[in-house]
Amino acid sequence: MTHRPLAAALWMIGAIAAFTAMAIATRQINGVHDTFEILAYRSMIGWVLVVGLAAAFHKLSDVRTDRLPSHVVRNVFHFTGQSLWFWAITMIPLAQVFALEFTSPIWVILLSPIFLGESLTRRKLIAAALGFAGVLIVARPDFGHIEPGVLAAAAAAFFFASTNLMTKALTKGEPILSILFWLTLMQAVFGTVAMTVFGPVTLPTLATLPWLVLIGVAGITAHFSLTTALSLAPASTVVPVDFARLPIIAVVGAMFYDEQVPPTLFAGAALIFLGIWITLRGASRPQAPHVTRP
């Protein structure tokens, strides 16, 4: 099996950059399009990009149907997690949403030995603990009251972790193009049904269309980078790198939206990057060959 943790980390950095661009674009059209419309339009644009690029490079034959049930389950989990996450944003402070969302890497580390057969090492547990401690320091959530929004955000983290585990399982034998094809197609169908049921539907305008295109491009780039990273290294090694998204988002908010940077940002970021370094250092260490004495 492929084991290139440093290359996987670089792909995860690409995913973080794409998710950040998607967050900025989403904020620009906030209030014009609702959650389900953004999810639907993003996936429609992403599906067109996937099909167009596949046709241009003569790769449409990579799209397979033999694991279609796995794609359905994965995308139901992914869409459910996204819907819960967006709903939680309307219910509780963002700090709580982000802190709970970033329990997802911990779920991946704990569940990957059960569902993927990956090793659960002390180094991975320490790295996850450091990363989550850094998130709590940056976000400073107040969990004094257990509200439906808190439960929704916690459930979203579990669904995101489950999606990553399913993605890792699919990368074993499934072309990345096929994963992205079914991802965008199914998410487009789910989003279209949801925005129609919970309408009225707001069509794209000349002002929002460029941002929706950016969201679509960033979305497919993020998932391509994430899926590629998961194909290069164990999920329990790859996913903790996502902790870095929180301090990066905080800096972007300060630069572009005059949001206040918490004084604890640098301390929390230091713990997060220390945890990532511990994870990658352990994953990159060559394994000693096993020698059987005669």
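Quick caveat: nothing in here was measured; it's all calculated off a predicted structure.

Draft legend 1. Representation of the overall build of the protein chain. Helix and strand counts for the protein chain stand at 12 helices and zero strands. The order of α-helices and β-strands along the protein chain, N terminus first, is α-α-α-α-α-α-α-α-α-α-α-α. For 294 residues, the compact-globule formula gives about 19 Å, and the C-alpha radius of gyration of the protein chain, at 19 Å, lands near that figure. Dimensions of the protein chain along its principal axes, counting C-alpha atoms only, are 75 × 50 × 30 Å. Counting only residues that meet the buried cut, the protein chain has 47% of its 294 residues in that class. Residue pairs at least 24 apart in sequence account for 91% of intrachain contacts in the protein chain once pairs closer than 6 positions are excluded. Carbon and sulfur atoms make up 71% of the accessible area of the protein chain, which totals about 14,400 Å². Across the protein chain, the mean location of the 17 positive side-chain charges is 17 Å away from that of the 12 negative side-chain charges.

Draft legend 2. Looking closely at helix H11 (residues 245-257). Along its 13 residues, H11 runs 17 Å from first to last C-alpha, staying within 8% of the 18 Å computed at 1.5 Å per residue. When we look at burial in H11, the residues that qualify are Arg245, Leu246, Pro247, Ala250, Val252 and Gly253. Remark: Asp258 follows H11 within two positions and exhibits a positive phi of approximately 55°.

Draft legend 3. Geometry of unusual backbone geometry. Even without glycine at this site, His58 takes up a positive phi of about 55°. Of note, His58 is situated in the loop between helix H2 (35-56) and helix H3 (68-89).

Draft legend 4. Local environment of the nonpolar core. If you look at the biggest cluster of nonpolar residues, it comprises 44 residues, and the most contacted ones within it are Val135, Val238 and Leu246. Looking at this core, the element that brings in the most residues is helix H7 (residues 148-170), giving seven residues.

Draft legend 5. Expanded view of empty space enclosed by the protein. A complete count under the given rule lists one cavity of 30 Å³ or more for this structure. As a volume, the largest cavity reaches approximately 80 Å³. Here the element with the most residues in the lining of the largest cavity is helix H9 (residues 209-232); it accounts for four residues. For the lining of the largest cavity, the class distribution of residues is two nonpolar, seven polar and one charged.

Draft legend 6. Expanded view of the side chain of Asp242. Its location among the elements puts Asp242 in the loop between helix H10 (235-238) and H11. For Asp242, the side chain forms a polar contact with the side chain of Arg245, separated by 2.8 Å. With sequence-adjacent residues up to four places away left out, Asp242 is seen in contact with Met12, Ile16 and Phe102.

Draft legend 7. Looking closely at the packing of helix H5 (residues 104-115) against H7. Running from amino to carboxyl end, H5 crosses H7 at an angle of 45°, the nearest separation of the two axes being 9 Å. Compared by their axis directions, H5 and H7 come out oblique. Considering the relative orientation of H5 and H7, their crossing is right-handed. Residues Ser104, Trp107, Val108, Leu111, Ser112 and Phe115 of H5 lie in contact with H7, whose contacting residues are Ala157, Phe158, Phe160, Ala161, Asn164 and Leu165.

Draft legend 8. Main features of the packing of aromatic side chains. For the coordinates displayed, the defined rule picks out nine aromatic pairs. Judged by centre distance (6.1 Å) and plane angle (20°), the ring pair of Phe36 and Phe79 falls under stacked. On the criterion of sequence distance, the pair formed by Phe36 in helix H2 and Phe79 in helix H3 is long-range, its members being 43 residues apart. Grouped by ring-pair contacts, the aromatic residues Phe36, Phe79, Phe190 and Phe198 constitute a single cluster. The side chain of Arg245 reaches across the aromatic face of Phe19, ending 5.5 Å from its centre.

Draft legend 9. Representation of the side chain of Asn75 within the structure. Mapped onto the elements of the fold, Asn75 is located in helix H3. In contact with Asn75, not counting residues within four places along its chain, are Trp182, Leu183, Met186, Gln187 and Phe190.

Draft legend 10. Representation of a nonpolar patch on the surface in the model. On the surface, a cluster of nonpolar side chains totalling about 390 Å² of accessible area is made up of Val189, Val193, Val197 and Phe198. Tracing the chain through its elements places Val197 in helix H8 (residues 176-197). The exposure class of Val197 is exposed, given its relative accessible area of 60%.

Draft legend 11. Quick peek at the pattern of salt bridges. Scanning the model with the defined rule gives four salt bridges in all. Arg245 is paired through a salt bridge with Glu101; the nearest N and O atoms lie 3.0 Å apart. Of this pair, Arg245 sits in helix H11 while Glu101 is found in helix H4 (residues 94-101), placing the two residues 144 residues apart along the sequence. The exposure classification of Arg245 matches that of Glu101, with both residues buried.

Draft legend 12. The arrangement of the environment of Pro175 in detail. Locating Pro175 in the fold gives a position in the loop between H7 and H8. With near-sequence residues (within four places) excluded, Pro175 lies in contact with Asp62 and Arg64.

What counts as what
- Residues numbered from 1 in each chain as written.
- Predicted model: local features only at pLDDT ≥ 70, side-chain atom pairs only at ≥ 80, totals over all residues.
- Heavy atoms only, no water.
- Helix = DSSP H or I, 4+ residues; strand = E, 2+ residues; numbered from the N terminus.
- Rg over C-alpha atoms; globule rule 2.2 N^0.38 Å.
- Buried < 20%, exposed > 50% of the residue type's maximum accessible area, 1.4 Å probe, protein only.
- Contact = heavy atoms within 4.5 Å.
- Areas by Shrake-Rupley, 256 points an atom, 1.4 Å probe, with all protein chains shown as cover.
- Lys, Arg positive; Asp, Glu negative; His and termini not counted.
- Charge placed at Lys NZ, Arg CZ, Asp CG, Glu CD.
- Expected span 1.5 Å × (residues − 1).
- Core = buried A, V, L, I, M, F, W, Y, C linked by side-chain atoms within 4.5 Å.
- 1 Å grid on protein atoms, 1.4 Å probe; cavity = no way out; pocket = protein on both sides within 12 Å on 5 of 7 lines; lining within 4 Å.
- Points joined across faces, edges and corners; volume = space filled by probe spheres on them.
- Nonpolar A, V, L, I, M, F, W, Y, C, P; charged D, E, K, R; others polar.
- Polar contact = N/O pair within 3.5 Å; in protein donor to acceptor, adjacent residues only side chain to side chain.
- Axes fitted to C-alpha atoms, helices over the stretch in contact; angles between N-to-C directions.
- Parallel < 35°, antiparallel > 145°, perpendicular 65-115°, else oblique.
- Left-handed = near helix turned anticlockwise from the far one by under 90°.
- Phe/Tyr/Trp six-rings, centres within 6.5 Å; stacked < 30°, edge-to-face > 60°.
- Lys NZ or Arg CZ within 6 Å of the ring centre and 35° of its normal.
- Patch = residues over 30% accessible without salt bridge, like charges linked within 9 Å, V, L, I, M, F, W, Y side chains within 5 Å.
- Salt bridge = Lys/Arg side-chain N within 4 Å of Asp/Glu carboxyl O.

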